[in-house]
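Fold and geometry: a report
The primary structure of each chain is shown beneath.
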Amino acid sequence: MKTILKTEHLNKTYRLGSFPRNVDIQALKDVNITIESDEPVIVSVVGESGSGKTTLAKVILRLVEPTAGKAIIYDQPIAGEGAKPARADFLSMVQPIFQNPFEAFSRYRTIDSYLYETATRVKRLNKARAIEAMEEVLSSVGLEYKDVRGKYPNQFSGGELQRISVARALIPNPNILVADEPVSMIDASRRMIIINLFRSLKQEYQTSILYITHDLATAYYISDYIVVMNKGSIVEFGKARQVLSDPQHAYTRLLLSSIPTLKQKWERVRND
Ligand SMILES: Nc1ncnc2c1ncn2[C@@H]1O[C@H](COP(=O)(O)OP(=O)(O)O)[C@@H](O)[C@H]1O
Ligand SMILES: [Mg+2]
């Protein structure tokens with residue numbers, strides 16, 4: 001079994017202001033998650049705004065250094081105490097998908113230049129191989145290279161741009177994609193395209209996905225595991241079905257009761 005994701009006593013405190021008026025904000029409080037599996041998994045992290053979800057994502061993406069504790073991805077310590085892979089190796093293990101696809105790309109650069117850069121710099125492919133890789137990942141997200149080539153971000157919808165972000169993240173063939181609220185800036189009618197894409201990519205690329213969201217409905221729909229966070233702590237963690245059908249924590253029950261029809265809807269989907 002592989003340790004797909006493990007955090008041990010992960011803590012992050014942000015310090016605001018300076019002495020004597022400083023305030024400490026504990027964004028992560030002793031976060032312990034262990035997910036072991038031979039198959040790739042989709043792990044959803046749910047919780048209200050301010051519960052520490054983005055901080056957890058940033059620690060795993062190495063954008064934020066934890067105050068204490070450590071994180072392991074695919075058997076490798078990547079944050080906190082212990083060995084860390086070099087940056088290039090790290091980027092081929094963990095790739096981000098950000099909330100706002102419009103901010104991910106400069107309006108003055110063609111979209112394909114981003115994919116090309118990832119293919120040549122991170123994956124170190126030559127030109128011909130880079131183009132092949134671009135064709136492949138774009139077709140995996142339902143787009144064609146010839147329709148993307150030479151175009152600028154404003155020529156695409158938010159949903160298309162987010163699919164291109166996903167395509168770019170796939171180029172290094174990462175072990176895990178970290179997607180922080182990836183559909184919240186996208187037209188409601190297009191969100192399921194991205195969500196379903198995650199499900200198919202898990203199989204096609206054997207990639208695990210850390211899906212961070214405040215939207216329980218989509219979390220239940222695609223997750224193998226669910227982590228529920230509240231005020232920096234994990235209040236519930238387990239297999240998705242288990243967490244939904246038998247929530248142990250009052251906060252999880254409260255989240256569930258706020259969407260009364262979700263449970264039936266989700267069961268229908270899972271039984272399809
Ligand atoms: N760079 C930062 N500096 C100070 N406080 C921060 C910073 N980033 C997040 N926080 C605080 O940490 C807490 C958790 O935030 P965050 O991880 O963004 O939660 P979520 O993504 O669940 O909304 C919040 O109280 C937030 O205000
Ligand atoms: Mg956030």
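Definitions and cut-offs
- Residues numbered from 1 in each chain as written.
- Chains lettered and ligands numbered in written order.
- Predicted model: local features only at pLDDT ≥ 70, side-chain atom pairs only at ≥ 80, totals over all residues.
- Heavy atoms only, no water.
- Phe/Tyr/Trp six-rings, centres within 6.5 Å; stacked < 30°, edge-to-face > 60°.
- Buried < 20%, exposed > 50% of the residue type's maximum accessible area, 1.4 Å probe, protein only.
- Lys NZ or Arg CZ within 6 Å of the ring centre and 35° of its normal.
- Pairing = 2+ DSSP bridges.
- Helix = DSSP H or I, 4+ residues; strand = E, 2+ residues; numbered from the N terminus.

Going by an unreviewed UniProt entry, the protein chain carries the name ABC transporter ATP-binding protein and comes from Dictyobacter halimunensis.

Time to look at the packing of aromatic side chains. Per the stated rule, a full pass over the model turns up 3 aromatic pairs. Arranged with centres 5.0 Å apart and planes meeting at 80°, the rings of Phe105 and Tyr114 form a pair that is edge-to-face. Each member of the pair, Phe105 as well as Tyr114, is classed as buried. If you follow Arg62 out to its NZ or CZ, it ends over the ring of Phe90, 4.3 Å from the centre. When the ring centre of Tyr221 is taken as reference, the NZ or CZ atom of Arg199 above it lies at 4.5 Å.

A separate point is the pairing of strand β4 (residues 68–73). Looking at chain direction, strand β1 (residues 2–16) and β4 are connected through 5 bridges and run antiparallel. Bridge assignment links Lys6 to a residue of β4, and that residue is Ile72. Judged from the 4 bridges that link them, β4 and strand β5 (residues 76–80) form a sheet pairing that is antiparallel. Its bridge partner lying in β5, Ile73 is registered against Gln76. Hairpin connection of β4 to β5: 2 residues between the antiparallel strands, including Tyr74 at a positive phi of 45°.

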